[in-house]
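Next come the chains, spelled out residue by residue.
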Amino acid sequence: MTKQETNIIAPTLATRRSPLYRRHLQYQAHFKQVGDNIVVDSYPNEGAINDEIEIAKSMGLCDLSTLDRTGFKGVGTPQWLASQSFKVPVLANTAEEQSSQSLLIKLSAQEILVLSDLLFLSEDVKRLYQKAVENHQSYDQQIYNLPRNDSHCWLAVTGINATELFSKLCAVDLRSHKFVQGAVAQTSLAKTNAIIIRHDLNKTPCFYILSDISGAEFLWDCLLDAMSEFHGAPVGLSALQTLASNQ
Amino acid sequence: MKLLSCPLNGLRNISEFTYGGEYHPTPDHQTTSSRDWAEHVFFHDNTAGIVIEWWCHTPSSFWFLAERNTLTDEVVRTFTPDELYTKSIIQHETKPETTP
Amino acid sequence: MKSRLPAPYGRLINRQKPIQFTFENRIIHGFSGDTIASALMADKQYLLSRSFKYHRPRGILTMAGQDANTLVQLPSSPNVLADKQAIEDGMQVTGQNYTGSLIRDWGALLGVFSRFLPVGFYYKAFFKPRGMWEKWAPLIRKKAGLGVIDQSLKPAYHDKQYKFFDVAVIGGGPAGMQAALSAAVGATEVLLVDENPYLGGALNYSRFDSDGLYASGLLQQLLNDIAANPNITVMTDAVCNGWFADNWLPIVKGNRLFKVRVAHTILCTGALEQPALFHNNDLPGVMMSSAAQRLLHLYGVKPGSKAVILTGNNEGYGTALDLQDAGVTIQAIIDLRKNPDYDDIAITAVKKGMRIETGQAVYAAQHQGSMRITSVEVRKLISQGICSDHGEIIACDLLCMSVGYTPAYQLACQAGAQLSYDDASAMFTITNCPDKLHLAGSVNSLWALKDVLSEATNVAHQVTNELGTTDLVLESPIRSSIPSPNHPWPIFAHPEGKEFVDFDEDLTIADIINATGDGYEHIQLVKRYSTCGMGPSQGRHSALAAARIVAAATNRTVADTGVTTARPPFSAEQLGQSAGRSFYPARRSNIHYRHLEAGAQMLQAGAWYRPAFYANKNLSTQDCINHEVANVRSNVGLVDVSTLGGLELRGPDAGEFLNRFYTFGFIKQPVGKARYALLTNEAGVVIDDGVACRFNKNHFYVTATTGGADSVYQSMLKWNAQWQLDVDIANVTSAYCGVNIAGPNARKVLEKVCFDIDLSAQAFPYMGVRCGLVATIPARLLRVGFVGELGYEIHVPQQYGEALWDAILDAGEEYSLKPFGIEAQRILRLEKGHIIVGQDTDAMSNPNEVQMSWAVSRQKPFFIGSRTISELEKQPVSRTLVGFQIDDKSAPIPQESHLVLSENQMVGRVTSCCYSPTLEEVIGLAYVPPEIASEGDSIIIKSTNGVLVAATVTKVPFYDPDAKRQEL
């Protein structure tokens, strides 16, 4: 996508808006539209995308809040998802990437979170949402959908220094060799409840954060403040997409 | 800071948890005596030794129980509520089967 | 500068990097690596500070940052340890605690009157008659001040960080270095912490063999091994200031507080050298042996030219050899022991022909015409602490004390370990350390270097075995039999006193004895009465001597007497360390910025930001609020209710669950209807309220108060953990953004943006709930009426909130729809007589008292508070929440919690009160006794400034009592 196309997209074009869109506007972000979603393409800087990729490799912060995600709860949930050909992890607090590229996270024996992939390859979230609306709205099968798009903001902290950042905000040991690919922690981040998921972008460490959407700006500011000593900065989705697609 | 082992999330700082009071089966509202009801609501056993307590892992809203020695502040073990509450309490007459 | 000894002396200083600073406006030259104290000593500045009480001249004592003798003032901070603080170019250092100048301190005259300043003096002299202390305090505080605070200072950025290791080794001396190396095997991650800027501890300055070469070789080898081991993280200049449960260690380094969690802690904190007590033992020039050795080896500074060594062990001989090697004349070694048991080092000193006097003591130090020691008086020891009648004067400018150590037991004792003392050997032991806390080295009373290294290895292997990284067969560590370095009684009372026990607080032997004489025999009481051990050095050099003196004065053993409790922090901590970066979570509705753009004044309710009212520069605050009220009553208004709690209850037992949880009945609640939900706890107290909306047989959407949502949710989960009903409970508070459109024109506005729901009063009546699209956004609509007008709460997925707000404002433009804030909402609801849980209820309010019996179902088996409520109903009511109207509208409007009086006795209180712009009356709610709770009863309220205001109990609701308007 070229700059001309992205420049004219305003985050308010969509009725569904990230709680952080004003922060992005402050940084004069370039937005882009993917399907119904408006996301930050990149922030203005000297070398544009290449610079952001370098930042993301070291320490970057990206807002994914307008990307699709969903969740399900209830005794029947794991079995139902398995019957929909999903690979459901055995252990709670584990994430498993699906062959369709979506990420399925088991939060407890009865609770699952599903995140779409950064390249928009998978339709899993939309499909599951439709299925749930069609089949489970009478709530008599112990499967309950959760409005994860709206209850939680979705951020990504990337780069080899990401764990240094977390050590200033979180009392759980998230260092690379202790908190490996697929690990999940439901914990307190800057005194806010958060789900932290390790899901690397190929060789670049990446941590997804899902946290109460009403506290999104507070958390965003805390993360940026804690990043400053490591020269971390916000990055657009395009940098992450590049890292995710380059094998 | 003390560590507490959550049956779902593992060892975490105690600041991630909310204390939920001592485990105490609720007497039957309709059949219990006034005295026993008052004991249940207003009086605490204040046991010196092993007690069972409710704890909630706040970030995941996960409730569990802990056996704690009030003399040494040592948590002997933690476990999920279904160990004590084995089936759905459908009628108000039904009480949890196990008492410590 | 030329006074410095050549290398290898001065291992910490960089002679290529001179640094210039000032002390008391005098220019001082030092080197990079110097502390303030070492540079001053090199410049022959022996006087560093004045003591706290008598303003006595003080100089270097420990050279280890452990005593208050070296507290100096920097422009930005007081109480800086001169023997710890590194010098910087241009630094301006001054002394503390003097009137006039450091040299001529008039306050020192106090010392002359010291016998009129006995222990407990402050309590005795200034607290009677009552109130006198307030008059004396400012004068005394000025006299006894410790430095000056720069009030214009801009605080530096302080920060906190978590760290994780398998093992923390506290103390980087030989024991700590060896323990770290032995533990850092396999995948074991080790943190090695030392408060000094260098590792090695005593290996840097102490003498471990007769020719003084062994230590530096060993140190270099350990340093190399540590540097080569990637598993070891070294933190120097870092203080572990406490031990907390489960090995949680606060480590302070620079402006950052590290919160370190480890599986095992090995304390290698070493031992602290102790002073001897004799007349004038506080003069500059009298110092610990180790202080003299530190000056020589670390900074290349000769601590004097003529030295006397007072010793009770063989270490003193090592100091003598060190000093002699550096060119200091040894005048004499005064050995307290009558028949010393010499080791190789001592024998070397003897062979060198030094003057050695055994069975003798330094009885007093003198300072003829100087601020510094000029001679000592040496007397023969007759019995414990008793010297012969006369002795010999020996000239000297340095007296080194080497009479023993106490282990640095503080962290171990914080962890609950027991410190015991053996009177016979004068040795300490530390026992009962918690699991996973270990000791190694001199803190564990090991003195021979090979013993220390062997124990450190052994303890480390024990730890790695427990961690599972090794499976080693442990050999028992070596324990050589060497004489105790601790002399049991280096205490020599003098008729003129001034044998200081506590240098920080200027306490002498007599002060401690007098404290026991005044009846304070317990060591903890002695501490509090005398202030012994309460100064900056926290008893590090006074606890042992005080215990010995108290033991003797009360005919007990030192073991029985014990020492005072050690509490965190181990060393002084800046407030900034704990006040550093903190988090105050803030929650914002999706509409937040629309409020700001419309001029809203925001207020914080818990973590949430809410609009209080929308300001208009032409109107007063009250007028703005009143206009908002009027617009809702006569037209239509819009309020953001996103902060209300939202809980989804889904499943076959959802109705049963609500039936047990809330007071009302919910099982027969029709689909498409809302019902009021009042929550009580087991004590029958009202703790929250909301509405329960039934969207289908198995699905309820329940609202909760802004402040109560999280605890209601947690409470629901806890109850269902017991009930095990087939229901799922989800907190969707943040997932929904809500607005309430209220006023007679609400329907007309809504009709412009909502097409798939029949909004007519018949099709969608009061207390109805519907799902549909509002401005194309999927929405839940609730016809509820907190403000008492025709109104719709519209709840939409959070990320659509702003678009919804914009669409409704657009649609409402032709009706002059205006947003309103929390303040207007409070007035509107009060006009309707609706209570706010938490404001109109307290920790005792039951439904009956707040006239909510109608919301309590008696048709169901039970709910959480049912038994208590039925018990309470058998008892007479003691108070009732009633509405009232003020008789005289010009009287000062009562505020929340103003008292209701009856015959001048308080009988109740106001919970809400305001001017109602709709009724043009002052209305409110108050708790009153049942005797005066009937409509028309008169009550008296004690309003602002004590003005008594008459009011009349009034029927509630004040406004629209027949509730016609909300049902339009």
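Computed from a prediction, not measured in an experiment: that's the story for all the values here. (Residues numbered from 1 in each chain as written. Chains lettered and ligands numbered in written order. Predicted model: local features only at pLDDT ≥ 70, side-chain atom pairs only at ≥ 80, totals over all residues. Heavy atoms only, no water.)

A. Spatial organisation of a negative patch on the surface. All names here are of chain C. Taken together, the side chains of E315, D341, D343 and D344 present a region of like negative charge at the surface. The topology assignment puts D343 in the loop between strand 17 (329-335) and helix 8 (344-351). D343 gets classed as partly exposed once you look at its relative accessible area, which sits at 32%. (Patch = residues over 30% accessible without salt bridge, like charges linked within 9 Å, V, L, I, M, F, W, Y side chains within 5 Å. Areas by Shrake-Rupley, 256 points an atom, 1.4 Å probe, with all protein chains shown as cover. Salt bridge = Lys/Arg side-chain N within 4 Å of Asp/Glu carboxyl O. Lys, Arg positive; Asp, Glu negative; His and termini not counted. Charge placed at Lys NZ, Arg CZ, Asp CG, Glu CD. Helix = DSSP H or I, 4+ residues; strand = E, 2+ residues; numbered from the N terminus. Buried < 20%, exposed > 50% of the residue type's maximum accessible area, 1.4 Å probe, protein only.)

B. Just helix 8 of chain C, in detail. All names here are of chain C. Residues of helix 8 that are buried: I345, A346 and A349. Down the axis of helix 8, the sector holding all buried residues measures 100°, keeping them to one side. In helix 8, the exposed residues that point more than 90 degrees away from the buried face are D344 and K351. Contact partners of the buried residues in helix 8: helix 7 (315-325). (Arc of directions from axis to C-beta. Contact = heavy atoms within 4.5 Å.)

C. Here's a closer look at empty space enclosed by the protein. Applying the stated criterion to the full structure yields 12 cavities of 30 Å³ or more. Taken as a whole, the second largest cavity encloses approximately 140 Å³ of empty space. Around the second largest cavity sit 16 residues that line it, and P19 and E217 of chain A together with S589, N590 and Y593 of chain C are the ones nearest its centre. (1 Å grid on protein atoms, 1.4 Å probe; cavity = no way out; pocket = protein on both sides within 12 Å on 5 of 7 lines; lining within 4 Å. Points joined across faces, edges and corners; volume = space filled by probe spheres on them.)

D. Region of the structure containing the side chain of D689 of chain C. Residues and elements named next belong to chain C. Along the chain, D689 turns up in strand 35 (residues 686-696). No salt bridge is formed by the buried D689; its nearest oppositely charged neighbour, R829, is found at 9.3 Å. Side-chain polar atoms of D689 contact the side chain of Y676, separated by 2.7 Å. In this structure D689 touches Y676, A677, L678, T703, A704, T705, I835 and V837, once residues within four positions along its chain are discounted. (Polar contact = N/O pair within 3.5 Å; in protein donor to acceptor, adjacent residues only side chain to side chain.)

E. Focus on the confidence of the model for chain B. Per-residue confidence for chain B averages 88 on the pLDDT scale, and 87% of its residues sit at or above 70. Note on residues 92-100 of chain B: pLDDT under 50 across the span, and 19 contacts to partners over four residues away in sequence or across chains. (pLDDT = per-residue confidence, 0-100.)

F. Structural view of the pattern of salt bridges. All chains considered together, the criterion is met by 61 salt bridges over all chains. Here E802 of chain C ties to R22 of chain A by a salt bridge, and the two come within 2.8 Å at their closest N and O atoms. Taken together, the residues E802 of chain C in helix 21 (residues 801-812) and R22 of chain A in helix 2 (residues 21-26) connect one chain to another. E802 of chain C gets classed as buried once you look at its relative accessible area, which sits at 0%. Among the residues examined, R22 of chain A registers a relative accessible area of 14% and is labelled buried.

G. Region of interest: the nonpolar core. The biggest cluster of nonpolar side chains holds 83 residues, and the ones touching the most others in it are I36, F278, L323 and V376 of chain C. For this core, the two domains that each supply at least three residues are domain 1 (1-151) and domain 3 (275-403 + 487-498) of chain C. Discounting residues that sit within four places of it in the chain, F278 of chain C has contacts with V286, L310, V362, Y363, A364, A365, L399, M401, F492, K498, E499 and F500 of chain C. Counting residues in each nonpolar core, the second largest holds 66 residues, with C56 of chain B together with V712, A742 and F958 of chain C among its members. (Core = buried A, V, L, I, M, F, W, Y, C linked by side-chain atoms within 4.5 Å. Domains from an automatic or database assignment.)

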